[in-house]
Amino acid sequence: MAGPSTIEWTDVTWNPVTGCTRISRGCDNCYAARMAKRLQAMGQPRYRNGFQVTLHPDLLGEPLRWRKPRMVFVNSMGDLFHEDVPIDFIREVFATMEKADKHIFQVLTKRAERLEHVCSELQWPTNVWAGVTVEASECLHRIDCLRSVPAAVRFISFEPLLDCLRDFTLKGIHWAIAGGESGPHARPVDISWLREIRDQCAHEDVSFFFKQWGGARKWETGRELDGRTWDDYPVASAS
């Protein structure tokens, strides 16, 4: 349930919750749903429920055993702020993150409204970053939800980027990740959409990370945008 990650902006994933349900069109070709179905077919016990939301309390203490400091993507195979995850379990996840203060935890959700609603009920140590996915113009409101979260770093994942985003501000945001969709049936990304986000980051002094062009064979399309890679991180560290 944890291991080295192939995701370019993190070191390892940690999944105390697995499973999710569709919330917007960015979910249409969800890689986690495909992987969960495959693991269920292979008899992996943690995916006996397929992609139904499932809690794994026995994994709560896992990061405490890691000696080397890491960037940790929380719930690459689910959404911690899904409505079926009890607030008490979310608090337990946050308690582990606070104790494991040698690591930086990157918590990404599409449930921005719930994140905003419960953020005042959680402790936010400096090593816990909060992010929301904004894949299309109808999801821009998630940025407003994120602004109220008292995290040391607030970040946006503009992936899979599905259309041009205009008339938005990144005020109060520290980091932006952008990328195209990958895997079967990947929808194409336009370079002008990516430039719009990159230039907005430059204008508002927000760190910019270009993850991938994507496509069915993403390793062939690479990570360069306008002749260079963009691997900026926000200036923050675990305590």
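Notes on the structure in this doc start here. Starting afresh in each chain, residues are numbered from 1 along the sequence in its written order. It should be noted that, the model being predicted, local features are given only for residues of pLDDT at least 70 and side-chain atom pairs only at 80 or more, the latter also being counted only at that level, while totals for whole chains, interfaces and linings use all residues. Excluded from the side-chain calculations are hydrogens and water; all other atoms, namely the structure's heavy atoms, are used.

So, on to the side chain of His82. Secondary structure elements are taken from DSSP: a helix is a run of H or I of four residues or more, a strand is a run of E of two residues or more, and numbering for both begins at the N terminus. Tracing the chain through its elements places His82 in the loop between strand 5 (71-74) and helix 2 (87-99). Of note is the side chain of His82, whose polar atom sits 2.8 Å from the side chain of Thr21. Under this definition, polar contacts are N or O atom pairs within 3.5 Å; protein pairs additionally need one hydrogen-donor-capable and one acceptor-capable atom, and for neighbouring residues in sequence, both atoms have to be side-chain atoms.

Turning next to helix 2. The terminal C-alpha atoms of helix 2 lie 18 Å apart, and with 13 residues this matches the ideal 18 Å at 1.5 Å per residue to within 8%. By the burial criterion, the buried members of helix 2 are Phe89, Ile90, Val93, Phe94, Thr96 and Met97. The arc that holds the buried residues of helix 2, viewed along the axis, is 155°, so those residues lie on one side. Residues of helix 2 that are exposed and point more than 90 degrees away from the buried face comprise Asp88 and Lys99. Take the residue count of a helix, subtract one, and multiply by 1.5 Å to get its expected span. Burial classification: accessible surface area is computed with a 1.4 Å probe over protein chains only, and a residue below 20% of its type maximum counts as buried, one above 50% as exposed, and the rest as partly exposed. Along the arc lie the directions from the helix axis toward the C-beta atoms.

Time to look at unusual backbone geometry. Geometrically, the link from Glu159 to Pro160 is a cis peptide bond, its omega value of -5° lying close to zero. One can find Pro160 in the loop between strand 8 (154-158) and strand 9 (175-179). The phi dihedral of Asp167 falls on the positive side, at around 55°, and the residue is not glycine. Mapped onto the secondary structure, Asp167 falls in the loop between strand 8 and strand 9. Under the relative-accessibility criterion, Asp167 is labelled exposed at 82%. In this structure, Asp205 takes a positive phi of about 60° despite not being glycine. By the element assignment, Asp205 lies in the loop between helix 5 (191-204) and strand 10 (207-212). With a relative accessible area of 70%, Asp205 lands in the exposed category.

Working definition: rings of Phe, Tyr and Trp (its six-membered ring) pair if their centres are within 6.5 Å, and the pair is stacked with planes under 30 degrees apart, edge-to-face with planes over 60 apart, and tilted otherwise. Taken as a whole and judged by the stated rule, the model has 13 aromatic pairs. With a centroid separation of 4.8 Å and an interplanar angle of 50°, the aromatic rings of Trp9 and Phe73 are classed as tilted. Of the two residues, Trp9 is situated in the loop between strand 1 (2-4) and strand 2 (12-14) and Phe73 in strand 5; the sequence distance between them amounts to 64 residues. Look at Trp9 and you get buried, because its relative accessible area is 2%.

By the secondary structure assignment, Val74 is in strand 5. What makes Val74 buried here is its relative accessible area of 0%. As a C-alpha pair, Val74 and Pro16 span 58 residues in sequence and 8.0 Å in three-dimensional space.

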